[in-house]
Amino acid sequence: QATASRREFFGGATMAAAASVGFLATANPLPSMAASGGAPPTREELNRIKVGYEGIEYLLANFDKETTICRENGGECKRDAEPVRRYLGLRSTTDPLFQIEKVFNKVKYMELEDPDKLETFFEATEEFNSAINLSNSMAFVSQFGEYNPGGGKDEVLKYLNEAKKQVVTVRDSLKVIIDALGI
């Protein structure tokens with residue numbers, strides 16, 4: 001007799017569907033990432049990386065001047081970490097590096113001149129993100145260093161200098177990113 005149970009019927013149908021999917025996957029390979037719906041970064045977005053890099057270079061060249069605020073008429077001067085956070089793109093949506101990781105994520109959709117540089121790019125973005133987070137933390141803590149028990153201007157400077165070390169890493173990472181992307 002040629003009757004089949006429901007279990008046999010659906011089991012066979014599942015196997016046939018799986019075989020069809022397997023055949024279709026080998027017959028029609030997946031499209032490239034660039035054609036899969038994601039958009040590469042725009043020229044303006046890539047330019048934000050360069051502008052951000054130039055801002056970081058300026059900050060490092062003028063670190064003491066940028067992070068020192070003096071009262072008018074010869075008043076007391078204080079160190080302030082706010083400019084560090086601003087140059088890192090952590091204060092305003094108009095800062096060039098504001099949410100720059102979204103631009104970095106779009107790079108996977110780019111056609112790079114040298115695809116071998118993609119790994120270098122991703123390593124640099126990881127280093128960049130880590131340095132941004134550490135610098136932000138150190139800059140934030142430095143703002144309260146004078147008011148904490150055992151704190152004072154020396155504590156503010158200590159954390160500000162730690163933030164500066166991370167800004168150097170940010171700069172170096174951005175340079176690698178710029179080179180890898182050819183911008």
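Enquirer: Help me understand the state of the cysteines in this model?
Expert: The term disulfide refers to a covalent linkage connecting the sulfur atoms of a pair of cysteines. The tally for this structure, following the rule as stated, stands at one disulfide. Between Cys70 and Cys77 runs a disulfide, and the two sulfur atoms are separated by 1.8 Å. Disulfide Cys70-Cys77: torsion about the S-S bond near 105 degrees, hence right-handed.

Enquirer: Can you help me understand the packing of aromatic side chains in this one?
Expert: Aromatic ring pairs: the centre-centre distance and the angle between the two ring planes describe each pair. Under the criterion given, the structure shown has four aromatic pairs. Taking 5.3 Å as the distance between ring centres and 80 degrees as the angle between the ring planes, the aromatic pair formed by Phe104 and Phe128 counts as edge-to-face. Pair noted here: Phe104 is in helix H5 (residues 101–106) and Phe128 is in helix H6 (residues 117–142), with a separation of 24 residues, a long-range link. Among the residues examined, Phe104 registers a relative accessible area of 3% and is labelled buried. Three or more aromatic residues link up through ring pairs in this structure, and these residues are Phe104, Phe121, Phe122 and Phe128.

Enquirer: So what exactly am I meant to see when it comes to the confidence of the model for the protein here?
Expert: Detailed reading of the predicted coordinates is not advisable wherever pLDDT falls low. Confidence in the prediction of the protein, expressed as mean pLDDT, is 82, and 79% of residues score 70 or more. Per-element mean pLDDT across the protein ranges from 48 in helix H1 (residues 6–27) up to 97 in helix H2 (residues 43–61). Every residue in residues 16–36 is under pLDDT 50, and counting partners more than four places away or in other chains gives five contacts.

Enquirer: Sorry, what's going on with H2 here?
Expert: Residues spaced three or four apart along an α-helix point in a common direction, a consequence of the helix completing one turn every 3.6 residues. Here H2 contains 19 residues, and its C-alpha end-to-end distance of 27 Å stays within 8% of the 27 Å for a straight helix at 1.5 Å per residue. Of all the residues in H2, the buried ones are Glu45, Leu46, Ile49, Gly52, Tyr53, Gly55, Ile56, Leu59 and Leu60.

Enquirer: Help me out: how do you make sense of a negative patch on the surface in this one?
Expert: There is a patch of like negative charges on the surface, built from Glu119, Glu123, Glu126 and Glu127. Here Glu119 is to be found in helix H6. Relative accessible area serves as the criterion here: at 55%, Glu119 is assigned to the exposed category.

Enquirer: Quick question: what am I supposed to make of the packing of H2 against helix H7 (residues 153–181) here?
Expert: What describes two packed helices is the angle between their axes and the distance between those same axes. Where H2 meets H7, the axes come as close as 10 Å, and the angle between the chain directions of the two elements is 145 degrees. Handedness of the H2/H7 crossing: left-handed. Together, Leu46, Ile49, Lys50, Gly52, Tyr53, Ile56, Glu57, Leu59 and Leu60 of H2 and Lys164, Val167, Val168, Val170, Arg171, Leu174, Lys175, Ile177, Ile178 and Leu181 of H7 make up the contact between the two elements. Partitioning the contact of H2 with H7 into residue classes produces 13 nonpolar, one polar and five charged.

Enquirer: Would you mind showing me how to read the pattern of salt bridges here?
Expert: Where side chains of opposite charge bring their charged atoms close, a pairing between them can arise. All told, the structure shown has 10 salt bridges when counted by the stated rule. Between Asp64 and Arg79 there is a salt bridge; the shortest N-O distance is 3.1 Å. In this pair, Asp64 sits in helix H3 (residues 63–66) while Arg79 sits in strand E2 (residues 77–79), placing the two residues 15 residues apart along the sequence. The partner of Arg91 in a salt bridge is Glu82, with the nearest N and O atoms 2.4 Å apart.

Rules of the game
Residues numbered from 1 in each chain as written. Predicted model: local features only at pLDDT ≥ 70, side-chain atom pairs only at ≥ 80, totals over all residues. Heavy atoms only, no water. Disulfide = S-S within 2.5 Å. Phe/Tyr/Trp six-rings, centres within 6.5 Å; stacked < 30°, edge-to-face > 60°. Helix = DSSP H or I, 4+ residues; strand = E, 2+ residues; numbered from the N terminus. Buried < 20%, exposed > 50% of the residue type's maximum accessible area, 1.4 Å probe, protein only. pLDDT = per-residue confidence, 0-100. Contact = heavy atoms within 4.5 Å. Expected span 1.5 Å × (residues − 1). Patch = residues over 30% accessible without salt bridge, like charges linked within 9 Å, V, L, I, M, F, W, Y side chains within 5 Å. Areas by Shrake-Rupley, 256 points an atom, 1.4 Å probe, with all protein chains shown as cover. Salt bridge = Lys/Arg side-chain N within 4 Å of Asp/Glu carboxyl O. Lys, Arg positive; Asp, Glu negative; His and termini not counted. Charge placed at Lys NZ, Arg CZ, Asp CG, Glu CD. Axes fitted to C-alpha atoms, helices over the stretch in contact; angles between N-to-C directions. Left-handed = near helix turned anticlockwise from the far one by under 90°. Nonpolar A, V, L, I, M, F, W, Y, C, P; charged D, E, K, R; others polar.

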